[in-house]
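Overview (structure and organization)
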There are 4 protein chains.
Amino acid sequence: MIRFLTAGESHGEGLTGIIDGIPANLYLDRNYINEELRRRQGGFGRSERMKIEKDEAIIISGVSNSYTTGNPITIFIKNRGVNIELGEVTRPRPGHGDLVGALKYNQKGGRNILERASARETAMRVALGSVCKLLLKEFDIEIFSHVINIGGIESNLNYYSNISEMELEKVDESVIRVADKNYEAFMIEKIREAKQEGDTLGGTIEIIIKNVPVGLGSHNNWDSKLDGRLACAIMSIPGIKGIDFGLGNRVVSTLGSRFHDEIIFNETYKRKSNNAGGIEAGISNGEDIVFKCYMKPIPTLKKPLETIDMETKEKALAQFERSDVCAVPSASIVAESMAAYVLANEFMKKFGGDFLEEVKSNYYNYVKYLNNR
Amino acid sequence: MIRFLTAGESHGEGLTGIIDGIPANLYLDRNYINEELRRRQGGFGRSERMKIEKDEAIIISGVSNSYTTGNPITIFIKNRGVNIELGEVTRPRPGHGDLVGALKYNQKGGRNILERASARETAMRVALGSVCKLLLKEFDIEIFSHVINIGGIESNLNYYSNISEMELEKVDESVIRVADKNYEAFMIEKIREAKQEGDTLGGTIEIIIKNVPVGLGSHNNWDSKLDGRLACAIMSIPGIKGIDFGLGNRVVSTLGSRFHDEIIFNETYKRKSNNAGGIEAGISNGEDIVFKCYMKPIPTLKKPLETIDMETKEKALAQFERSDVCAVPSASIVAESMAAYVLANEFMKKFGGDFLEEVKSNYYNYVKYLNNR
Amino acid sequence: MIRFLTAGESHGEGLTGIIDGIPANLYLDRNYINEELRRRQGGFGRSERMKIEKDEAIIISGVSNSYTTGNPITIFIKNRGVNIELGEVTRPRPGHGDLVGALKYNQKGGRNILERASARETAMRVALGSVCKLLLKEFDIEIFSHVINIGGIESNLNYYSNISEMELEKVDESVIRVADKNYEAFMIEKIREAKQEGDTLGGTIEIIIKNVPVGLGSHNNWDSKLDGRLACAIMSIPGIKGIDFGLGNRVVSTLGSRFHDEIIFNETYKRKSNNAGGIEAGISNGEDIVFKCYMKPIPTLKKPLETIDMETKEKALAQFERSDVCAVPSASIVAESMAAYVLANEFMKKFGGDFLEEVKSNYYNYVKYLNNR
Amino acid sequence: MIRFLTAGESHGEGLTGIIDGIPANLYLDRNYINEELRRRQGGFGRSERMKIEKDEAIIISGVSNSYTTGNPITIFIKNRGVNIELGEVTRPRPGHGDLVGALKYNQKGGRNILERASARETAMRVALGSVCKLLLKEFDIEIFSHVINIGGIESNLNYYSNISEMELEKVDESVIRVADKNYEAFMIEKIREAKQEGDTLGGTIEIIIKNVPVGLGSHNNWDSKLDGRLACAIMSIPGIKGIDFGLGNRVVSTLGSRFHDEIIFNETYKRKSNNAGGIEAGISNGEDIVFKCYMKPIPTLKKPLETIDMETKEKALAQFERSDVCAVPSASIVAESMAAYVLANEFMKKFGGDFLEEVKSNYYNYVKYLNNR
């Protein structure tokens, strides 16, 4: 089983993550991890901060000569620009954790909460998720994401069946991670407008996971279902308010006879369609795993919302902290990372093994079995 | 911490559930539990089976003179009509667990899988969830649900802000649990049509949880977030393919300035709106918790889909097992139950306590603190 | 991962257990399970109750045609003689859970506590443990136990290195599960004496697990160590107050040069001795796993101890509930069962797999690797 | 719930720990943590290394102005003397993790294993345990330890009932943490002898926890018992091979009538004796929690044991790494720390609360209830 904890605040010394359960003898390419961090930091609509800071993963434990040892892996990411004067936040921002956190943890204001509830924390999830991605890559499992909607402008390539693997691979070339060049411009314009008005935007992300074997997750008990576990991990990303698999919410208006993915056989069992998004009864069915996440607009607005001053209980305008206009492209990388964690964990639960060669033997052994079904 | 396991198959002797961590001295009204089971069994569009069987919860342990003792509680629900001849299922139904389960667990066909992956299992979740509801009721936390869409027909009362608590309380009077009398008829007609055509329907459910205190869940680590935990539990319900909170996927086309729920103060902190669905930064904010679930059409069709015979590898028509046309009303009760479990568990984590009086003291102590903030 | 919950009280309808994570296609011999239950019920020094009641495991779910299906397995054991008038227990027995439980769970007296804290609960652990044993047997892992001390009388065969596998297999022939025929008589006499005096006895058990492969458990983090996990499971058995591995507490007076088990090579790595009891750095080392458990005397005495009446707060004599004089032989079977659970769980974590054939392939694959080291 | 992960190797950059679930507003005295680290580093019989290195805890997250914030706390301890040339370890030391780890994780030799399996890792447990101690201190719960046996020489003050709180407080003044001045000299002499002979020594530690309220842990299910949880945590300390509570293994030769702690009433329920070591039925009973741990001699000997060279499969002498002669005094601090973690975790489970004031209200509320029983 793979488990991890992260810690660290936005303006503290840095972020720390420990991940336990990664098998030994996996090549851990530090450049890859840093490249993933860079992917998260990119994107049009980010604040100035992103442009100065370039996150770098420092691997403190669990790796010897670039190979994992089976020991828990520690990654540290230094914060930059820490020496800013930071006051208490007593005019909490609606939509952020400022008020609820201050009440839950009996803090005078939101400062200690927002430092942790901030999306800064997700940098560590990307770092640890990239370790999981490297493990999955050993089994050809690849995770893609693309942005399909920003602020209500929806791309034509808004469903995975319309988009080729080649197009997916090029998504990183877009500053907002949109595959559809025509819509990209409209979306960028939308972000520009929102920025001018001191407003913020949400959007939609689609995640596509390729080469997942049949049989991850289980129908057995409620907490073993692959879709449930993915939903938990994805919904935990700041700003994500919804998730749906395959056809998504169009599922409700589709007849059963049109929805379910008919089974064919061509060396192995396959499907004519993939409306289910690759999961049936909480178990991966061998098709691509596909889901969409819906992200709310960033809660920190230049044109601030109404709130209450926690000291005086008077009406006030919400405090402004340096922030982005639209974090959807960035969140898509975080979503990839959390998906990578869930998949890697389910993979290890199914295949066992303490070192990569063992995991591989077990995996190929299962593939051979499948090929004889 | 509250935890539970369920077990049992559709045509086995019955369903068993054990729930651990319910505090002592809670009055456990058996009629209430059975009434909840009855609510799940109702609904237009259910198969004949539902009409004969009336589930009844047998409490085997953990309760003395109708009060919980702190010991783990066992509930058993007897299956009826068990003596049916049950053959192997080698023509797996697309959308059901038949094929994936048979491959994962190396079963000749889907029989042993479908017996567990079947929605029958959710009866036990309702029984155990009703125990959690009884606990939450002691703190005035009430969980409502209503159906807002069946097969693409969407009620006008499709958002919690349009529907009063009184209307919610009357939802049970509708055979399909729809609040909007005008649309109810259309939906029933839609189900009738689908039945005639041997087809099935999905739909949308909205869950509304009232009187949740500020501070359940935490922004602290990814697996502590209340929305993530709810998403995991709800997505684990057979057929549910999506979940979103508050405004739902409309979030992507709403500007930040319009989305976030401005803060006011009137004895305690309140909000002008509830677009967030009662959760910010993974923490309940004191507003109603609101989310929607999207359910796929039932995978068992009278007009069967194409599949492969697992023995011959030839094309075939999927096996038919007695089934419903539309299980959305029933699923709404299951969704209430899983939400009840998650809330009760988070409640116990925050307030601690081994017996009800202790939990109450701790709770009121916190409420007093909140009233002074 | 294998997990389980048990529930049920001594005088309730019966005991229920659900075990989740047992791979599919394991032959589940009901006679074996019942034979294990019978082993637990035997033993000189048991109360009359044991003689009338013969526990029987009823398998309610998770098994089809005697083979596991991958679904969670429910076992039920009916209580007999339930129709006894049961009053509140307000004169709590020192050493039992009566007082502490009544205080923790705010019960008037100890009745609801003792019904669960009673050793009756361990019958279900034996039933579920026997499922784990059947899994382990598929890999030739065998668990033995013998009693080496009762009430201070210590057998000469008090250490596993003095006792052959053949002798271990014959232990069940002794009414007190003692291998040393000479000492058996003394111990039985000791029990007789204690009975006459209305007193009770504790004792020592040794557990020996054969054919455990190198590599279960991990040195990685505190909660992954095999010895820690065994200690948790064994200490959870009512009455067990201590556990030690290998040489046991003689470890403190043995020099390092005499204690550590020197490594030799004979086709695979072996040891000259097994003072460590088969575990180094929290990992099984391929030698027999050996540990001792120390059991306190039963807290229910015919010659009752002093206590306080919880209603009057006056001095009183502790209530007497029908009870045994010495439960050490019985506890040895429970200890086997809990050890079986821990081993099976660690086994599944290392080897993965959802069905027995898959687990076996993975296991043999690892054995082949080991043979090449 | 409190949980933690540690990571880091002996000769890596340092040790990292993340602890999650500590309530907000706890004063976190860094000097106290460092003082605890110093206590662990002391002791006659330690290697030269200990004398140069002075561990220091660097708090990286979760604390603001010396108070916890509810955010996860990261502690880092830098290693010193890291720039040593480190070769592979192919002549594994019997008793250490070298061989088993290398086999389990498919490493050429033991280097990557021993770097983690080394007792160096326990420094982080002491640091995180000291956070737990600070939490417990707020409720007057104090944890003491003393060494009662080294290499077979047993102190006269070998049982908690013979030693006063004042004597316990002075134990730190002894270089080997022995309360009995007469025996201290013999033990030191024993260590000197062993050192001269290139040998190593084990010993016995007693832990005493004062002011634990009735009601931590539960009899409910096997994995909820306080003694089981303590046993798991203590057995996870490198070198510990046994644990027993209260009277310890003398329990087996004590009659029930002499063993069980009779109940008296003097404002609250109390006991005439404490043979049970403060735990009945897996629940704390309000008396001091008392247990002993048995530690094996250090497996690294200057006079090396026989082993096998993993490269040649020839007989060889085990590799020597710089090491101590006797680590018992040091292990006693680690045992305190692990006990602190378990107690703090159980405390938070029972009393709930997200900030210290809330935990205190809940706690005093329970104390008031207890005083009325």
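The rules behind these values
- Residues numbered from 1 in each chain as written.
- Chains lettered and ligands numbered in written order.
- Predicted model: local features only at pLDDT ≥ 70, side-chain atom pairs only at ≥ 80, totals over all residues.
- Heavy atoms only, no water.
- UniProt positions renumbered as here; feature names shortened; annotations may be inferred.
- Helix = DSSP H or I, 4+ residues; strand = E, 2+ residues; numbered from the N terminus.
- Buried < 20%, exposed > 50% of the residue type's maximum accessible area, 1.4 Å probe, protein only.
- Polar contact = N/O pair within 3.5 Å; in protein donor to acceptor, adjacent residues only side chain to side chain.
- Contact = heavy atoms within 4.5 Å.
- Expected span 1.5 Å × (residues − 1).
- Pairing = 2+ DSSP bridges.
- Least-squares fit on C-alpha atoms with pLDDT ≥ 70 in both.

The name recorded for chain A in an unreviewed UniProt entry is Chorismate synthase, from Tissierella simiarum. The record held by UniProt for chain A lists under Catalytic activity (unreviewed entry) the comment "5-O-(1-carboxyvinyl)-3-phosphoshikimate = chorismate + phosphate". Its UniProt record gives chain A a comment under Subunit (unreviewed entry), which states: "Homotetramer."

For the rest of this paragraph, the subject is the side chain of Asn220(D). Note on placement: Asn220(D) falls in the loop between strand E9 (203–210) and helix H8 (226–235). We classify Asn220(D) as buried; its relative accessible area is 5%. A distance of 2.7 Å separates a polar side-chain atom of Asn220(D) from the backbone oxygen of Gly70(B). Apart from residues lying up to four places away in sequence, Asn220(D) is in contact with Asp20(B), Gly70(B), Asn71(B), Pro72(B), Tyr105(C) and Arg116(C).

Below, the discussion takes up helix H5 (residues 122–137) of chain B. For H5(B), which comprises 16 residues, the first-to-last C-alpha distance of 22 Å matches the rise-based estimate of 22 Å (1.5 Å per residue) to within 8%. Most of H5(B) sits out of view: 15 of its 16 residues are buried.

Residues and elements named next belong to chain B. The buried fraction of strand E2 (residues 14–20) is high, at seven of seven residues. In E2, alternate side chains face the same way, and those of Gly14, Thr16, Ile18 and Asp20 on one face and Leu15, Gly17 and Ile19 on the other are all buried. Taken together, strand E1 (residues 3–7) and the strand that follows it, E2, pair antiparallel across an intervening segment of six residues, in which glycine 8 is found at a positive phi of about 120°. Examined bridge by bridge, E2 and strand E6 (residues 73–78) share six bridges and lie antiparallel to one another. Across the sheet, the residue bridging to leucine 15 is isoleucine 77, located in E6.

This next bit is on the relation of the copies chain B and chain A. Between chain B and chain A, which share one sequence, the superposing operator has a rotation angle of 180° and an axial displacement of 0.0 Å; the RMSD is 0.0 Å. Taken together, these values place the two copies in the relation of a two-fold axis. Rotation axis and chain B: the residue whose C-alpha lies nearest the axis is Cys232(B), separated from it by 2.4 Å. Of the interface residues in chain B, 99% have counterparts in chain A that sit at the interface too, so the contact is made through matching surfaces.

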